[in-house]
Amino acid sequence: MKMTAMTDVTTDNQTPPTLTEEPAAAPVAEPIQMPQVPEQETELSGETVGNIHCENPFMIANDVNVYYGDNHAIKNVSLEIGKKEVIALIGPSGCGKSTFLRCLNRMNDTIETARVTGQITLDGKDIHRKEQDPVALRARVGMVFQKPNPFPKSIYDNVAYGPRIHGLAADRAELDDIVHTSLERAGLLKEVKDRLDEPGTSLSGGQQQRLCIARTIAVNPEVILMDEPCSALDPIATARIEDLMDELCEDYAIVIVTHSMQQAARVSRRVAYFHLGLLVEVDETDRIFTNPQHRLTEDYITGRIG
Amino acid sequence: MQSTTLILLLGFMATAAFYFGRGRSLSLVGGPGHGTALHSLPGYYGYYVAIWVAIPALALLLLWVMVEPKLIVTLVVSGLPEAYRDLSPGELNLLINNIQNLASGDVVSVAVDETLQAAANQFNQYAAQSRQILAVLALGFAGLGGAIAWRRIHPDLRARNRVERVIRWFLIAASSIAIFTTVGIVLSVLFEAIRFFQKVPITEFLFGLNWSPQMAIRADQVGSSGSFGAVPLFTGTLLVTAIAMVVAVPVGLMTAIYLAEYSSARVRATAKPLLEVLAGIPTVVYGFFAALTVAPWVRQAGESVGLEVASESALAAGLVMGIMIIPLVSSLSDDAINAVPTAMRDGALGLGSTRSETMTKVILPAALPGIVGGILLAVSRAIGETMIVVMAAGLAANLTANPFEAVTTVTVQIVTLLVGDQEFDSAKTLAAFALGLMLFVVTLFLNVIGLNVVRKYREQYD
């Protein structure tokens, strides 16, 4: 059953036979690093190899399932996200990494057919508990989207939007301060400080994305979720955003979804590989890219799965 | 031969020409297997020949139909005895009418004498001849055109380009029809309005505060003095429109917001069609609803709180007109709100906005150009609306801003001016054209503003 589904997403013809013929060849070699993996694991058993735990966990997802109507988009995913770390979610299109990301700030609530089960905690508290207001949660867990989406307002108002709705600034001077600091931290202040009144949409794509990051950090979140933040940008703008992530991870936990393995390697400390709604492997970035333990992970990072 | 038969025949010829043309193009290169040796697909050669068959013949037919009646009349008149040719143009027209009626077997207004009968026979004879000549010429043109095109077919002939050029001209012609019609209407209204302004000074029309469109038929008539000040009509129109917009804009907008952002898919699936039913009710039904139900209700309600309300009030007409316009406002606003990218919505929600903050601070500003455009369209609709105000607003040209009084609107006055027994060149009738022109200018102005608002914001937001 699983194998049939596999073929659908596989671009390389050679992969499926390889998978069926050599189950669990690689993982057996290094059993020490993945104590929770059974020795005779099958290709898509639903068990995650590697280490889902981290030193200083801030968000913990436990056995999360997401259904879109009848479609089971995420299956039994457990993952810890540490304070002050960048964790990258990689995997082929449609593997559920964006869906998982959207669970972390309950953005899936806005989709009528979506249903989430399992437990996700933020700083030890369940984000699905009754008293938790999803609006307040999203202020603590900010999000940057794939396509830069500045509001149809001035640059200033774009950044001031969050502080205004959450009442973070007592007066205009304080708001000015927040706006300037956020733009500064997003590395945009120099370029825009003389034209804060111009519409946010008048900026270039890379600037718009940094504006969106400034807008997110203006609310002072604890976690920043980034959904392929550089996929619409050129390499120069991408490099700037990556530098920015390096700086931001000193204060925030950052979860980034990316299609670029190089980007994941450059910016993240840990990498989680998703496949068909399953979390296949999680580990330190170096280990994932130099010595992946799961066959699927290896196939993906070597370019054998699309 | 009848024109319809002729057209059918030409259509048949063109169809045949298509197959012949296609067949010839293929046979020139050695059969269907060698189609690639042709410049264009074989079908284009077929169309090419068909066009050459149909278009010259149809053009001739059109020209003939336009010229023929005048030509026959001229011929018939020149055949009349001397005495008839000195008649005045009006009398001559009457005579020609009679001849034509006699020829087609209709009722004739004078006693039929020999000359008239002879002229009618002559008329019929000319008409029959004309039809024969037309048939021969048209079929000849078609055949000739077809033959020329047939001979021109050659593997190097750029048939596709030529066919496409003809199609382009057809498209241009089609799109010009609407434009030329508009221009024609504007010009005809303009010239009639100019005739009106020759009788009544334009300043009196634009700034006069009294509207009482009378014109003396005889000099000694009672009440022969009229006044043509259009200000009360325009204030009346404005008043009714304003009331309508006060009803339609908030209700329509809130409906749109609910349907686009808050309602479940099921509610939306039921509510949207129901709203569209509201848009489909004929305005005359709204009219008597306003006159028979709403107006008495408004009057009673007003009296119960001690207000004097006329039985035909601006309020009743405006309320009903507002209800009529709700679907227009809500469906255009709904489209505008739905056109705001989901990314914008997600962006706002991702920052921790509530639904209503997302709506008021992000989505509505982004959808504003579309909404404003929709509202201006609704205003144009309200200004031009006739049936409801004819039935519910009254005819009294009161210069008032009191919604409980009867007012009259520009459209109502145009209707009443033209539903009379006045001559067409009296100032009273011509006033309708002047009012129409003013109405046109106002709506045009609104549309221009609306388009500019939309464009300005679009540049800024996209």
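Treat the numbers as computed from the prediction; the structure is a model and nothing was measured. Within each chain, residue numbers correspond to sequence positions counted from 1 in written order. Chain letters start at A and ligand numbers start at 1, both assigned in the order the entries are written. Under the rules for a predicted model, residues below a pLDDT of 70 receive no local features and side-chain atom pairs below 80 are neither given nor counted, while totals for whole chains, interfaces and linings still include all residues. With hydrogens and water stripped out, all remaining heavy atoms of the structure feed into the side-chain values.

Here we come to the overall build of chain A. Within chain A one finds 12 helices and 11 strands. Counting every position in chain A, which comprises 306 residues, the buried fraction comes to 54%. Taking the intrachain contacts of chain A between residues at least 6 apart in sequence as the baseline, contacts between residues at least 24 apart amount to 66%. Only the protein chains shown count as cover for residues, and the accessible areas themselves come from Shrake-Rupley with a 1.4 Å probe. Put simply, chain A shows about 13,100 Å² of open surface, and 47% of that area lies on carbon and sulfur atoms. Put simply, DSSP H or I for four residues or longer makes a helix, DSSP E for two residues or longer makes a strand, and each gets a number counted from the N terminus. With a 1.4 Å probe rolled over the protein chains alone, any residue whose accessible area is under 20% of its type maximum counts as buried; one over 50% counts as exposed, and the rest are partly exposed. When checking whether two residues touch, look at their non-hydrogen atoms; a contact exists if any pair is within 4.5 Å.

All names here are of chain B. Locating threonine 74 in the fold gives a position in helix 2 (residues 42-78). Judged by relative accessible area, threonine 74 falls into the exposed class, the value being 51%. It is 9.9 Å that separates the C-alpha atoms of threonine 74 and isoleucine 96, two residues lying 22 residues apart in sequence. For this analysis, a polar contact is any N or O atom pair within 3.5 Å, provided that within protein one partner can donate a hydrogen and the other can accept it, and provided that sequence-adjacent residues contribute only side-chain to side-chain pairs. A polar contact is formed between the side chain of threonine 74 and the backbone oxygen of lysine 70, at a distance of 2.5 Å.

Time to look at the domain arrangement of chain B. For the domains described, the bounds stem from an automatic or database domain assignment. Annotation of chain B at the domain level lists domain 1 (3-157) and domain 2 (227-461). One C-alpha centre belongs to domain 1 of chain B, the other to domain 2 of chain B; they are set 50 Å apart.

Residues and elements named next belong to chain A. Non-glycine residue glutamate 228 carries a positive phi angle of around 45 degrees. On the secondary structure map, glutamate 228 appears in the loop between strand 8 (223-227) and helix 9 (235-248). The backbone of leucine 276 sits at a positive phi, close to 50 degrees, despite the residue not being glycine. Here leucine 276 lies in the loop between strand 10 (270-275) and strand 11 (278-284).

Attention now goes to the packing of helix 11 (residues 314-339) of chain B against helix 13 (residues 355-384) of chain B. Residue and element names in this part refer to chain B. Closest axis-to-axis distance for the helix 11/helix 13 pair is 8 Å, and the angle between their directions is 140 degrees. Considering their axes alone, helix 11 and helix 13 lie oblique with respect to each other. Between helix 11 and helix 13 lies a crossing of right-handed hand. For the pair helix 11 and helix 13, the contacting residues are Met321, Met324, Ile325, Leu328, Val329, Leu332, Ser333, Ala336 and Ile337 in the first and Met359, Ile363, Leu364, Ala367, Gly370, Ile371, Gly374, Leu377, Ala378, Arg381 and Ala382 in the second. Only Asp, Glu, Lys and Arg are considered charged in this grouping, and only Ala, Val, Leu, Ile, Met, Phe, Trp, Tyr, Cys and Pro are considered nonpolar; every other residue, Gly among them, is considered polar. A breakdown of the residues in the contact of helix 11 with helix 13 according to their chemical character gives 16 nonpolar, 3 polar and 1 charged. Axes here mean lines fitted to C-alpha atoms, for a helix over just the part in contact, with angles spanning 0 to 180 degrees between N-to-C directions. Any angle that is under 35 degrees is reported as roughly parallel, and any over 145 degrees as roughly antiparallel; angles of 65 to 115 degrees are reported as roughly perpendicular and all others as oblique. Handedness of each helix crossing follows the sense of rotation of the near helix against the far helix: counterclockwise by less than a right angle gives left-handed, clockwise gives right-handed.

It is worth spelling out the side chain of threonine 408 of chain B at this point. Residue and element names in this part refer to chain B. Of note, threonine 408 is situated in the loop between helix 14 (387-392) and helix 15 (410-418). The exposure class of threonine 408 is buried, given its relative accessible area of 0%. Contacts of threonine 408, omitting those with residues within four sequence positions, involve Pro232, Leu233, Gly236, Thr237, Gly394, Leu395, Ala396, Ala397 and Gln413.

In this section: the interface of chain B and chain A. Counting from both sides, the interface comprises 22 residues of chain B and, opposite them, 25 residues of chain A. Buried area: the sum, over both parts, of the accessible surface (1.4 Å probe) that disappears when the two are put together. Across the interface of chain B and chain A, roughly 1,800 Å² is buried in total on both sides, 62% from carbon and sulfur atoms. Each reported salt bridge corresponds to a side-chain nitrogen of Lys or Arg within 4 Å of a carboxyl oxygen of Asp or Glu. Applying the counting rule to chain B against chain A returns 1 salt bridge. Residue arginine 102 of chain A is joined to aspartate 346 of chain B by a salt bridge in which the shortest nitrogen-to-oxygen separation is 3.5 Å. For the interface between chain B and chain A, the tally reads 6 residue pairs in polar contact (both at pLDDT 80 or more).

This paragraph deals with the pairing of strand 11 of chain A. Residue and element names in this part refer to chain A. Of all the 7 residues making up strand 11, 6 are buried; the element is thus mostly covered by neighbouring parts of the structure. Strand direction decides the pairing type here: strand 1 (residues 49-50) and strand 11, joined by 2 bridges, are parallel. When the sheet's bridge partners are listed, valine 49 is paired in strand 11 with glutamate 281. Taking the residues that link successive antiparallel strands as the turn, the strand 10-strand 11 hairpin has 2 residues, and the phi of leucine 276 there is positive, at about 50 degrees. Strands pair, by our definition, only if DSSP identifies at least two bridges between them.

A separate point is the pattern of salt bridges. Residues and elements named next belong to chain A. For the structure shown, the criterion picks out 21 salt bridges over all chains. Arginine 269 is paired through a salt bridge with glutamate 85; the nearest N and O atoms lie 2.8 Å apart. Highlighted residues: arginine 269 in the loop between helix 10 (261-267) and strand 10 and glutamate 85 in the loop between strand 3 (71-82) and strand 4 (86-90), separated in sequence by 184 residues. Its salt-bridge partner being glutamate 198, residue arginine 195 comes within 3.4 Å of it at the nearest N-O pair. Here arginine 195 falls in the partly exposed class, since its relative accessible area comes to 24%. Classification of glutamate 198 by relative accessible area gives partly exposed; the value is 33%. Taken together, the salt bridges that share partners define one network made up of Glu85, Arg269, Arg270 and Glu284.

What follows is about helix 2 of chain B. The end-to-end C-alpha separation of helix 2 of chain B is 54 Å, in line with the 54 Å expected for 37 residues at 1.5 Å each. Along helix 2 of chain B, the largest kink reaches about 40 degrees and is centred on valine 67 of chain B; proline proline 69 of chain B follows within four residues of it. One fewer than the residue count of a helix, multiplied by 1.5 Å, yields its expected span. Throughout, bend refers to the angle between the axes fitted to the seven residues that end at a position and the seven residues that start at it.

Residues and elements named next belong to chain A. Across the sheet, which stays open at both edges, the 7 strands sit in the order 1-11-10-4-9-8-7 with mixed pairing between neighbours. Edge positions in the sheet fall to strand 1 and strand 7 (141-144), since each of these pairs with one other strand and no more. The pairing of strand 4 with strand 10 spans 4 bridges and is classified as parallel. Considered in strand 10, the bridge of isoleucine 87 is made with arginine 270. Against the sheet, helix 8 (residues 205-217) makes contact with strand 7 and strand 8, and its axis sits at roughly 170 degrees relative to strand 7, the strand it touches most.

What follows covers the confidence of the model for chain A. The predictor reports its confidence for every residue as pLDDT, a score running from 0 up to 100. Within chain A, residue pLDDT values average 82, and 84% of them lie at 70 or more. When the criterion is pLDDT under 50, residues 1-42 of chain A qualifies, and its contacts beyond four places in sequence or with other chains add up to 55 contacts.

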